[in-house]
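Residues per chain, in single letters:
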Amino acid sequence: MNYRNERMARGFRSLDALLEGFDASKLPALSDGGDGARQIRRAAWGMAARSVIAPYRERCVAEARNRLAEAGLARLLPVLDQVVLNGKNRRESICMLSKIWHVKLAVARRKYYRGSKTLLTFFSANKIKGEMHVEMPE
């Protein structure tokens with residue numbers, strides 16, 4: 001072995017020597033970034049919260065449906081149902097609305113975005129000049 005290779009070999013340390021004094025699970029290369037702990041917390045929170053949140057959520061959705069029907073905006077009920085069912089998954093909501101209304105995807109997409117915009121302004125707590133965005137019909 002020549003001098004250069006010996007010098008290089010002396011510079012190497014074993015992985016055990018490198019990790020001595022460090023918690024290997026905390027190293028970025030060996031960590032999952034907290035995904036495992038996050039999944040455990042979500043599962044625990046979901047199991048505890050389902051019994052409390054589900055009835056409250058159902059009551060809020062029923063109240064929203066009643067307010068829309070009273071305001072003469074019953075046409076927005078399918079959009080509201082899809083938003084509640086799919087959340088931020090707009091593609092799934094649009095596909096389901098296309099099947100419900102028996103229209104093309106492009107038409108369902110336009111109706112979905114118009115309906116969601118109307119829903120946002122209807123349920124918005126912001127006031128413009130002291131009036132709600134969408135006034136209740138008399």
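Residues numbered from 1 in each chain as written. Predicted model: local features only at pLDDT ≥ 70, side-chain atom pairs only at ≥ 80, totals over all residues. Heavy atoms only, no water.

Chemist: Outline the layout of surface pockets, listing residues and values.
Modeler: In this structure, the largest pocket occupies an estimated 220 Å³ of space. Looking at the largest pocket, the residues that line it are C60, V61, A64, L80, V83, V84, S116, L119 and L120. Within the residue set of the lining of the largest pocket, elements represented by two or more residues are helix 3 (35-70), helix 4 (77-86) and helix 6 (105-123). A per-class count over the lining of the largest pocket returns 8 nonpolar, 1 polar and no charged. (1 Å grid on protein atoms, 1.4 Å probe; cavity = no way out; pocket = protein on both sides within 12 Å on 5 of 7 lines; lining within 4 Å. Points joined across faces, edges and corners; volume = space filled by probe spheres on them. Helix = DSSP H or I, 4+ residues; strand = E, 2+ residues; numbered from the N terminus. Nonpolar A, V, L, I, M, F, W, Y, C, P; charged D, E, K, R; others polar.)

Chemist: Tell me about the pattern of salt bridges, and please be specific about residues and values.
Modeler: Note on pairing: side chains with opposite charge can pair once their charged atoms come close. Within the structure shown, the criterion is met by 1 salt bridge. The shortest N-O distance in the salt bridge between D81 and R65 comes to 2.6 Å. With D81 in helix 4 and R65 in helix 3, this pair connects stretches of sequence that are 16 residues apart. Take R65: its relative accessible area is 29%, and that puts it in the partly exposed class. (Salt bridge = Lys/Arg side-chain N within 4 Å of Asp/Glu carboxyl O. Buried < 20%, exposed > 50% of the residue type's maximum accessible area, 1.4 Å probe, protein only.)

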